[in-house]
Amino acid sequence: MPVSPLKILTVAAFAAAGSSGQWSVVGGQFAPPAVAGAAFAAAAETKTEVYAHPVSRHYKPPREPEVRAHLERWRDLKFGVLISWGIYNELDNGIGSWVICAEKNQPWISRPKNIPYEQYKRDYWLLKDKFAPTKFDPEKWAEVFKDAGVKYMIFTTKHHDGFAMWDTKQTDFSIAHGAFKNDPRRDLAKGIFSTFQKHKFVTGVYFSKPDWHSPYFWKPDAPTPNRNVNYSIPKEPERWQKFKDYTYAQIEELTGGNYGKIDILWLDGGWVRPRVQDINIAHVAKIARSHNPEMIVVDRAVPSEFENYQTPEGHVLKGPQSSPWETCTTLGRGWEHVNNPKNNSAHWLVHTLVDIVAKNGNLLLGLGPDKYGELDPTAVATLRKTGAWLRANGEAIYGTRAARHYKDGSVWFTQAKNAANVYAIACFPE
């Protein structure tokens, strides 16, 4: 039975801004469209997965009614941004703190061959004494993302290297104890969250469960051969308990009210999980929700009631999914700022957003400022073009759900939640 009225929207032919075509995560690396497409096609044939954080068939909705209600409001937002930033920006390497992970057979983890690994790792810790983002201005960021039509923001408070981008009291490996310690803006997280909350963004904390700098995760006098704990937890349960207590204290700092209303706790590092390196995610969620009972917890890639939505990385699902999900992918060659970023175009960004929304998902776009605190100008231009399209056509994006027939050729369909309107979005070639 046809639904009336039917609104036809078209995607304007944007001028190319950066490289065309999507770069995707394949085998842990960023791959150009042809390579990624071939890899995903091969995976489909062999029933294997070549990308990070696949969607599980075992989604478990949260028990709390207030969390479920907040999750539905989050599904209305559709477009978010993940701001990646840390001392790794001093290296401008495109792989963030992964550079200090010693895993073998990972060609995307590259280090200078003339520097021994242990020395390189020690030198990396010293980057805290160089990282000083003197041009940090979160008002400028908020203005850019608001103009782009972004509705929620997730900030990397701590990546796997353990460097805290807030004034934590649990370690001196933080922005408040390095080269930026005498700057009144040194609590970067406070400046970012307060600014984005003032501008009515939904805000979330990215937090890495593993912490390679902590002596309770990577034991200082033992080798660090991979991303995991480098000691036997059953043999040293006291050390692991200290790590759990350390984590709980940092979660309390970030979600306890000092950084305003945090809506999403976005936990990365899925190898820290039950029966392997059990951090007691139920207790983490309890701490966070003791201050905001409706907080969404995303223990990504660990299926349980605490993975409130799923986060396929670097790819879009093949079809609609009824449970909540979010594609997280990057605008350019890495999650954080790199020189010569080869950003995708606004045309790609709009088409990717349309593809995801038509399949009942959200888009979380990854990018970040440089080591001084400034966003890449080509990324800003792409975001502004995307915002212009959304101001004209946002009714077909925000607050919608998948239509019964979500696609016909190059035309995608969405519908209002009450099914009063169906929207057709024609996606023309660039």
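One can find the structure itself at the top, above this paragraph.
I will try to describe carefully the structure that is included in this document.

Counted by the stated rule, this structure contains 24 aromatic pairs. Taking the centre distance of 6.0 Å and the plane angle of 65 degrees together, the rings of Trp 74 and Tyr 152 count as edge-to-face. Residue Trp 74 is located in helix α2 (residues 65-77), and its partner Tyr 152 is located in strand β5 (residues 152-158); the two are separated by 78 residues in the primary sequence. Here Trp 74 matches Tyr 152 in class, with each residue buried. When the centroid spacing of 5.5 Å and the interplanar angle of 90 degrees are considered together, the rings of Trp 125 and Phe 173 count as edge-to-face. Here Phe 173 lies in the loop between β5 and α5 (188-198) and Trp 125 lies in helix α3 (residues 117-125), a separation of 48 residues in the sequence. Neither residue differs from the other here; Trp 125 and Phe 173 are each classed as buried. An aromatic cluster of three or more residues is present, and its members are Trp 85, Tyr 124, Trp 125, Phe 131, Phe 136, Trp 141, Phe 163 and Phe 173.

Next up on the list: the pairing of strand β12 (residues 411-416). For a regular strand, side-chain orientation follows a simple rule: the groups alternate between the two sheet faces. With five of its six residues buried, β12 lies for the most part within the structure. Across five bridges, the pairing between strand β11 (residues 400-408) and β12 is antiparallel. From the neighbouring strand, Asp 408 faces β12, where its bridge partner is Val 411. Linkage of β11 to β12, two consecutive antiparallel strands, is achieved through a turn of two residues, within which Gly 409 is found at a positive phi near 65 degrees. Direction of pairing for β12 relative to strand β13 (residues 422-426): antiparallel, over a ladder of five bridges. Following the sheet pairing, Gln 415 is matched in β13 by Val 422. Counting the residues between successive antiparallel strands, the hairpin from β12 to β13 contains five residues, one of them, Ala 419, with a positive phi of roughly 65 degrees.

Parameters at a glance
- Residues numbered from 1 in each chain as written.
- Predicted model: local features only at pLDDT ≥ 70, side-chain atom pairs only at ≥ 80, totals over all residues.
- Heavy atoms only, no water.
- Phe/Tyr/Trp six-rings, centres within 6.5 Å; stacked < 30°, edge-to-face > 60°.
- Helix = DSSP H or I, 4+ residues; strand = E, 2+ residues; numbered from the N terminus.
- Buried < 20%, exposed > 50% of the residue type's maximum accessible area, 1.4 Å probe, protein only.
- Pairing = 2+ DSSP bridges.

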